[in-house]
Amino acid sequence: MSHALEQELARLRRQFTAYATGCLTALERSCEALADRNTALAKQVIEGDDQVDEEEIAIETECVRLISLHQPVAHDLRLLVTVLKMNYDFERIADHATNISWLGGRIVARDGRVPPELLALADRVVRGSRSVFQAFLDQDLQLAREVVSHDDEVDRLDRVVRHDVHGSLAADGEVSSALDVFRISRELERVGDHLVNIAEETIYLITGEIVRHHGGTAPAPR
């Protein structure tokens, strides 16, 4: 690797780390705002979404430039491909955080109920986001695979919330808030899917193996 490419990759890593941290902070704040019924914090998340979009474009542009200019190979190429793919996943996580904040504000405005099952799902997703980012930063293969395997728990909690929503509709007819709870649950479940993507992309970066659709392990040879 040339010294120039080494320096530019180091700068890209710093830029991408700051960007990803911002996206995951938005997720944490949206879930905190939901738990605390904090509409001011939710508003901060919503207002920060445009900045995330700008940073996503800047990182994608830089990755394409480095690939075109330096024609990297081996691990350097995998790093740039991984950052390109993760860039999208992190931006989508920030979008889901914005939606959670908006929906949570609607629930608070009508004094609706936030079921504990939804808060448990939010907590599980936030913990997963911390784990997957740490796996990427530390190049921790085992931790990345654990994130993939824990996605079943996110799906289970999502089903619990949906069951609770159906019960609420049957019991008191609180349609608007119940549907917003359902939508937040779906937003969180989709965040979980993006975390799995990031974990699988981390595995690819470390090993060079594409494990998508195979539960975090490489497909068996045919």
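Before reading on, note that the structure itself is shown above.
Scoring rules and cut-offs
- Residues numbered from 1 in each chain as written.
- Predicted model: local features only at pLDDT ≥ 70, side-chain atom pairs only at ≥ 80, totals over all residues.
- Heavy atoms only, no water.
- 1 Å grid on protein atoms, 1.4 Å probe; cavity = no way out; pocket = protein on both sides within 12 Å on 5 of 7 lines; lining within 4 Å.
- Points joined across faces, edges and corners; volume = space filled by probe spheres on them.
- Helix = DSSP H or I, 4+ residues; strand = E, 2+ residues; numbered from the N terminus.
- Nonpolar A, V, L, I, M, F, W, Y, C, P; charged D, E, K, R; others polar.
- Phe/Tyr/Trp six-rings, centres within 6.5 Å; stacked < 30°, edge-to-face > 60°.
- Buried < 20%, exposed > 50% of the residue type's maximum accessible area, 1.4 Å probe, protein only.
- Core = buried A, V, L, I, M, F, W, Y, C linked by side-chain atoms within 4.5 Å.
- Contact = heavy atoms within 4.5 Å.
- Axes fitted to C-alpha atoms, helices over the stretch in contact; angles between N-to-C directions.
- Parallel < 35°, antiparallel > 145°, perpendicular 65-115°, else oblique.
- Left-handed = near helix turned anticlockwise from the far one by under 90°.
- Salt bridge = Lys/Arg side-chain N within 4 Å of Asp/Glu carboxyl O.

Visitor: Help me understand empty space enclosed by the protein, please; the structure alone is not making it clear to me.
Guide: According to the stated counting rule, one finds two cavities of 30 Å³ or more in the structure shown. By volume, the second largest cavity amounts to about 60 Å³. Forming the walls of the second largest cavity are 13 residues, and the residues nearest its centre are Ala33, Leu34, Gly104, Gly105 and Val108. With five residues, helix 4 (residues 74-109) is the single largest residue contributor to the lining of the second largest cavity. Residue classes in the lining of the second largest cavity are distributed as six nonpolar, six polar and one charged.

Visitor: Is there a simple way to think about the environment of Ser176 in this case?
Guide: Along the chain, the position of Ser176 falls in helix 8 (residues 175-207). Expressed as a C-alpha distance, the spacing of Ser176 and Arg110, which sit 66 residues apart in the sequence, is 8.9 Å.

Visitor: Can you walk me through the packing of aromatic side chains in this structure?
Guide: Geometry of an aromatic ring pair is reported as the spacing of the ring centres plus the angle between the planes. Tallying each qualifying case throughout the model produces five aromatic pairs. Between the aromatic rings of Phe16 and Phe90, the centroid separation amounts to 5.7 Å while the plane-to-plane angle is 70°, which identifies the pairing as edge-to-face. Linking Phe16 in helix 1 (residues 3-36) with Phe90 in helix 4, this pair joins segments that are 74 residues apart in sequence. Judged by relative accessible area, Phe90 falls into the buried class, the value being 0%. A ring pair is formed by Phe16 and Phe136, whose centres lie 5.7 Å apart and whose planes are at 80°; its orientation type is edge-to-face. Of this pair, Phe16 sits in helix 1 while Phe136 sits in helix 5 (residues 116-138), and the two are 120 residues apart along the sequence.

Visitor: Explanation requested: the nonpolar core in the structure shown.
Guide: The nonpolar side chains of soluble globular proteins are, as a tendency, buried together. By size, the foremost hydrophobic cluster in this structure holds 58 residues, and its most contacted members are Phe90, Leu118 and Leu188. Ranked by the residues each element gives to this core, the list is headed by helix 1, at 12 residues. Not counting residues within four places of it along the chain, the set of residues in contact with Phe90 comprises Phe16, Tyr19, Ala20, Cys23, Leu24, Phe133 and Ile198.

Visitor: In this structure, what is going on with the packing of helix 2 (residues 39-47) against helix 4? I would like to understand it.
Guide: Angle between the axes and distance between the axes are the two parameters that describe a pair of packed helices. Between helix 2 and helix 4, the least distance of the axes is 8 Å, while the angle of their chain directions is 150°. Considering their axes alone, helix 2 and helix 4 lie roughly antiparallel with respect to each other. In this structure, helix 2 meets helix 4 at a crossing whose hand is left-handed. Contact residues: helix 2 offers Thr39, Ala42, Val45 and Ile46, while helix 4 offers Ala97, Thr98, Ser101, Trp102 and Val108.

Visitor: Can you help me understand the pattern of salt bridges in this one?
Guide: Where side chains of opposite charge bring their charged atoms close, a pairing between them can arise. Evaluation of the coordinates by the stated rule reveals 15 salt bridges. Taking the shortest distance from any N to any O, the salt bridge between Arg106 and Asp180 comes out at 3.0 Å. With a gap of 74 residues between them, Arg106 in helix 4 and Asp180 in helix 8 connect regions that are remote in the sequence. Owing to a relative accessible area of 30%, Arg106 belongs among the partly exposed residues under this scheme. Here Arg127 ties to Asp123 by a salt bridge, and the two come within 3.0 Å at their closest N and O atoms. Of this pair, Arg127 and Asp123 both sit in helix 5, separated by four residues, roughly a single helical turn. Residue classification places Arg127 among the partly exposed residues on the basis of a relative accessible area of 38%. Note on Asp123: relative accessible area 42%, which makes it partly exposed. Several salt bridges share partner residues, and in doing so they unite Glu8, Arg11, Glu62 and Arg65 into one network.

Treat this as a map of the structure, not an account of what it does.
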